[in-house]
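Inside the fold
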Amino acid sequence: QPSETIKNVLKNLGIEPENLGVSTGGDFFASGEEITSYSPVDGVAIARIRTASMENYQEVMEKAREAFLEFRMMPAPKRGELVRQFGLKLRQKKQDLGTLVSYEMGKSLQEGLGEVQEMIDICDFAVGLSRQLHGFTMHSERPLHRMYEQYHPLGVVGIISAFNFPVAVWSWNTALAWICGNVTVWKPSEKVGLCALACQRIIQEVLSENNMPEGISSVLVAGHEVGAALVEDPRCALLSFTGSTRVGREVGMKVAGRFGKSILELGGNNAIIISNQADIDMAIIGAVFGAVGTCGQRCTSTRRLIIHQDVYDQVIERLVKAYGQLKIGDPLDESNHVGPLIDTDAVAQYTKAIEACKAQGGEFIVEGGVLSGEKYSSGCYVKPCIAKVENHMEIVQHETFAPILYVMKYSELSEAIAMHNDVPQGLSSAIMTQNLREAELFLSHKGSDCGIANVNIGTSGAEIGGAFGGEKETGGGRESGSDVWKYYMRRQTNTINYSPELPLAQGIKFDL
Ligand code: UN1
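Residues numbered from 1 in each chain as written. Predicted model: local features only at pLDDT ≥ 70, side-chain atom pairs only at ≥ 80, totals over all residues.

**Topic: the pairing of strand S10 (residues 236–242)**
Here is the rule we go by: Counting other C-beta atoms within 10 Å of a residue's own tells you its class, since 20 or more makes it buried, 12 or fewer makes it exposed, and anything in between is partly exposed; those C-beta atoms are placed from the backbone. Secondary structure elements follow DSSP: runs of H or I of four or more residues count as helices, runs of E of two or more count as strands, with numbering from the N terminus. DSSP-based pairing: two strands are paired if at least 2 bridges between them are found. Handedness of a crossover is defined as follows: orient the strands so they point away from the viewer, and if the path from the first strand over the helix to the second runs clockwise, the crossover is right-handed.
When you tally the buried positions in S10, you get seven out of seven residues, the bulk of the element. Note that strand S7 (residues 156–160) and S10 share five bridges and pair parallel. In the strand pairing of S10, Ile-159 is matched with Ser-240. Two elements, S10 and strand S11 (residues 261–265), share five bridges in a ladder whose sense is parallel. Directly across from Phe-241, in S11, lies its bridge partner Leu-264. At this point the chain moves from S10, through helix H8 (residues 245–257), to the parallel S11, and the crossover so formed is right-handed.

Printed below as a string of structure tokens:
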């Protein structure tokens, strides 16, 4: 049984003991199998969700298509007004939704609230953008001609999101997709289906208060089959996928195969270079938060530290000390630093990675292990750990979604950058240095090869105002800020002739 506090949160968010997992904006429905959402915090079965059947999926896609025909004609600033109201409701629901995120996913309450704050921020950002979907105008090479470009909505945007950011990733996609005139269909991770239902209820309130048709925002809590159908469906104009590189590779190829568009946000293998000219206090905080925050389950989590030999011993000593002070336990208790992993499968992956690391020659300077005892009865709590490794080791080349931090040593910055880039992934990166030359080199063309490169900030915790995403096996997609909205629209170049002649471009003569 969830605690009284949690029961209240569930009630405030419209979550029942038994829920239907599909909605297009009206009554919830579903006729697939039933699943149970368990909390990794205490192992409690929070609630049950009936998932989408394939028939339910077809119904959702039809509704979405119909809604798009209407929604695309609504002026963008009016669509922005819907998103503004959504942001206001999120402000009212922040405490409840943040608590549910923390309880269902297991991240700390601070981080759960932070995730809802990201939703609010992207709404504000999108409201402003709704009046700024600018294209260029160009000078035509022909007399009395005009050229310009416009951005048109795409259609149905499919969103497949991961368990680790149960609410924010959806909102980065939807806030932009909606102001751009698209409708959205969301298949969240089944591990955090209740968070998805809560989000859908909030947006539905806004849409129905504004007498909007059904189909603008849909959710499908569903299994693999429905996800696969969405990937293959030509009605899904853009598919935004967050998840593993293994699955993302399949998704990307399938969507490309039907000439659909995709945004892929896949694995990271993020490193911080700690220079001998770093502010070490800052470096330690950045590294520890990056490695253990969200129990190492962010795609931006710090996986590797590349430390200058002159400060290596000092940094190691301070890391070991800091890890000794970490409090592991209930993430809703604000005195704890580290909560649980998402489930016992994740715990098994963690244990396997530690064994592999040892077998490949890694030396643990902070030992890992699975915690047991009453406080840890869900079986999902593990000890953050640190291993001395070499960058080329197979385990170091892979992303393990757990708090395992790999440390290595360098002597020259060029060598550190080479090690930094010598992994298949390219999401987030950082250098800790107070030396301008080092910082600029790291940010230069021969510096970090990642989509995100920071100076004197850790690898995680990106703001929504920048474009979020990475290179190489991270998939190349970008979400949230900057000019990312362009991914959600199709560009059209228009040339208008207002002369009485028909001159051809490139000086071609064609007389009849
Ligand atoms: C993710 O882990 O999928 O930069 C997203 C960060 C967050 C987003 C992480 N703003 O850590």
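There is more to say, and it comes next.
**A few points about the site of the ligand**
Our working definition: By definition, a residue lies near a molecule or strand when the C-beta atom built from its backbone is within 6 Å of it. Three classes are used, and their members are as follows: Ala, Val, Leu, Ile, Met, Phe, Trp, Tyr, Cys and Pro are nonpolar, Asp, Glu, Lys and Arg are charged, and the others, Gly among them, are polar.
Surveying the vicinity of the ligand reveals the residues Asn-164, Phe-165, Val-169, Thr-242, Arg-298, Cys-299, Thr-300, Ser-460, Gly-461 and Ala-462. Looking at the shell around the ligand, its residues break down into four nonpolar, five polar and one charged.

**What to know about the sheet that holds S11**
Here is the rule: We call two residues in contact when the distance between their C-beta atoms, placed using the backbone, is within 7 Å. Every axis corresponds to a line fitted to the C-alpha atoms, with the helix fit spanning only the stretch in contact, and the corresponding angles, defined between N-to-C directions, vary from 0 to 180 degrees.
Spatial ordering of the open sheet is given by S2-S9-S8-S7-S10-S11, a layout of six strands whose pairing is mixed. Across the chains shown, the open sheet's two edge strands, defined by having one partner strand only, are strand S2 (22–23) and S11. Packing of helix H2 (residues 54–71) onto the sheet brings it into contact with S2, S7, strand S8 (183–187) and strand S9 (217–220), and relative to S8 it is tilted by some 155 degrees. Strands S7, S8, S9 and S10 of the sheet are contacted by helix H5 (residues 168–179), whose axis makes an angle of about 165 degrees with S8.

**Quick look at unusual backbone geometry**
In this structure, Leu-144 takes a positive phi of about 50 degrees despite not being glycine. Summarising the element assignment, Leu-144 is placed in the loop between strand S5 (137–138) and strand S6 (145–153). A residue is classified by how many C-beta atoms lie within 10 Å of it, and Leu-144, with 12 of them, is exposed. The backbone of Ser-482 shows a phi angle near 50 degrees, a positive value even though the residue is not glycine. When you line up the elements, Ser-482 lands in the loop between strand S22 (479–480) and strand S23 (489–497).

**Remarks on the nonpolar core**
Across soluble globular proteins, nonpolar side chains show a tendency to be buried alongside one another. Operational definition: What makes a nonpolar core is a set of buried Ala, Val, Leu, Ile, Met, Phe, Trp, Tyr and Cys residues, with links drawn between C-beta atoms within 7 Å.
Within the largest apolar cluster, 151 residues are counted, with the highest numbers of intra-cluster contacts made by Ala-126, Leu-176, Leu-220 and Tyr-488. For this core, the leading source of residues is helix H6 (residues 193–209), giving ten residues. Sequence-distant contacts of Leu-176, defined by excluding residues within four places in its chain, comprise Ala-126, Val-484, Trp-485 and Tyr-488. Formed by six residues, the second largest nonpolar core is a distinct cluster that contains Leu-427, Cys-450, Ile-452 and Ala-462.

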